[in-house]
Amino acid sequence: MTPKGRQGPALRADAARNRARVLQVAREQLAAGDDSLQLNAIARLAGVGVGTVYRHFPNRHALWEALSADRFQKLVEEAQAAADDEDALAGLHRLLRFTLVHALRDTGFAAVLESASDNEPQTSELKAELDRSVAHLLDRARRSGAIRRDVEADDVRRLLCGIEHAVRSGGNGPERTEVYLDILLEGLRPPR
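Figured I'd write up the structure that's included with this text.

### Section: helix α8 (residues 153–170)
The terminal C-alpha atoms of α8, which comprises 18 residues, lie 26 Å apart, in line with the 26 Å expected from a rise of 1.5 Å per residue. Buried residues in α8 make contact with α5 (88–105), α6 (107–114), α7 (121–143) and α9 (174–188).

### Observations concerning the side chain of aspartate 106
One can find aspartate 106 in the loop between α5 and α6. When neighbours within four sequence positions are excluded, aspartate 106 is seen to be in contact with Trp64 and Arg71.

### Thoughts on unusual backbone geometry
Of note, leucine 37 is a non-glycine position whose phi angle comes to about 45°, a positive value. Mapping leucine 37 onto the fold places it in the loop between α1 (13–31) and α2 (39–46).

### Focus: the packing of aromatic side chains
By the definition in use, this model includes 1 aromatic pair. The interplanar angle of 65° and the centroid separation of 5.7 Å between the aromatic rings of phenylalanine 72 and phenylalanine 109 together place this pair among those described as edge-to-face. One end of the pair, phenylalanine 72, is in helix α4 (residues 60–83); the other, phenylalanine 109, is in helix α6, with 37 residues separating them in the sequence. Residue classification places phenylalanine 72 among the buried residues on the basis of a relative accessible area of 2%.

### Regarding the pattern of salt bridges
Under the defined criterion, the tally for this structure stands at 13 salt bridges. Residue glutamate 186 is joined to arginine 192 by a salt bridge in which the shortest nitrogen-to-oxygen separation is 2.9 Å. What you see here is one network of salt bridges that share partners, running through Glu78, Asp85 and Arg94.

### A look at the nonpolar core
Within the largest apolar cluster, 52 residues are counted, with the highest numbers of intra-cluster contacts made by Leu63, Phe72, Leu92, Leu96, Leu130 and Leu138. No other element matches the 11 residues that α4 contributes to this core. Excluding anything up to four places from it in sequence, leucine 130 contacts Phe72, Leu75, Val76, Ala79 and Leu113.

### Some points on the packing of α1 against α2
It is the contact of α1 with α2, at a shortest axis distance of 9 Å, that shows an interaxial angle of 110°. The orientation of α1 with respect to α2, classified from their angle, is roughly perpendicular. The two elements α1 and α2 cross, and the hand of that crossing is right-handed. The segment α1 lies against α2, with Arg21, Val22, Val25, Ala26 and Gln29 engaging Ile42, Leu45 and Ala46. When the residues that make up the contact of α1 with α2 are grouped by side-chain class, the tally is 6 nonpolar, 1 polar and 1 charged.

Reading guide: rules and limits
- Residues numbered from 1 in each chain as written.
- Predicted model: local features only at pLDDT ≥ 70, side-chain atom pairs only at ≥ 80, totals over all residues.
- Heavy atoms only, no water.
- Helix = DSSP H or I, 4+ residues; strand = E, 2+ residues; numbered from the N terminus.
- Expected span 1.5 Å × (residues − 1).
- Contact = heavy atoms within 4.5 Å.
- Phe/Tyr/Trp six-rings, centres within 6.5 Å; stacked < 30°, edge-to-face > 60°.
- Buried < 20%, exposed > 50% of the residue type's maximum accessible area, 1.4 Å probe, protein only.
- Salt bridge = Lys/Arg side-chain N within 4 Å of Asp/Glu carboxyl O.
- Core = buried A, V, L, I, M, F, W, Y, C linked by side-chain atoms within 4.5 Å.
- Axes fitted to C-alpha atoms, helices over the stretch in contact; angles between N-to-C directions.
- Parallel < 35°, antiparallel > 145°, perpendicular 65-115°, else oblique.
- Left-handed = near helix turned anticlockwise from the far one by under 90°.
- Nonpolar A, V, L, I, M, F, W, Y, C, P; charged D, E, K, R; others polar.

Here's what the structure looks like:
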C-alpha cells in the first residue's frame, strides 16, 4: 500500500502473488529470528525463481523497505498527530520515543529510516511526508521558544538514529533509552 491509499503500477496477478509470497516468507524468516534476509534463500523458500525475487526487490534494502512500509506509515501518522499536539515539545518527545521504540524493535525499519537513499518511490514519499510533519512540529516548537532555531527535520532523524545505534550497541535497556532521549531534548533547547 502506498501512502494515503495511492497505488503504484498494477502488477499482473501472478506477479502480485509472487511478490506477496516473497514478503510472506521474509516475514516468516524475521519471526523465526533470522534477519539476514538472504534473497536466494527467500526465493527457494517461496518457491519462486531468484530472478523473480530480484525483479521485485533488487537488493536486501528494497525488501526491508517493503517490509517496513506499514510501520513507516504508522510513523508518519504519529508525526502528524504530534505536529497537531497543543504542546509542541510534548508532541516532539512523544514522537521521538515512538520512533526510537520501533527502531529498536525492528532493525530493518531502523535501516530504512536512516538510509540516505531509497529503492522504492513509496519510501521516498513516506519520508517526505514524515519530514513535512516534523518540520511543522519543529516550526511550532521554535515559535514557542522550546527548541533552537537551527534544527531541521533531517537533523532530528539523524540524531535519533544515533541514539538507536548507541542503545543497540551498548545493549542498554529502557532506562538508558529515556536518558538518551532526555539528553537529545535538552540539546534541542535554545542556548541560554
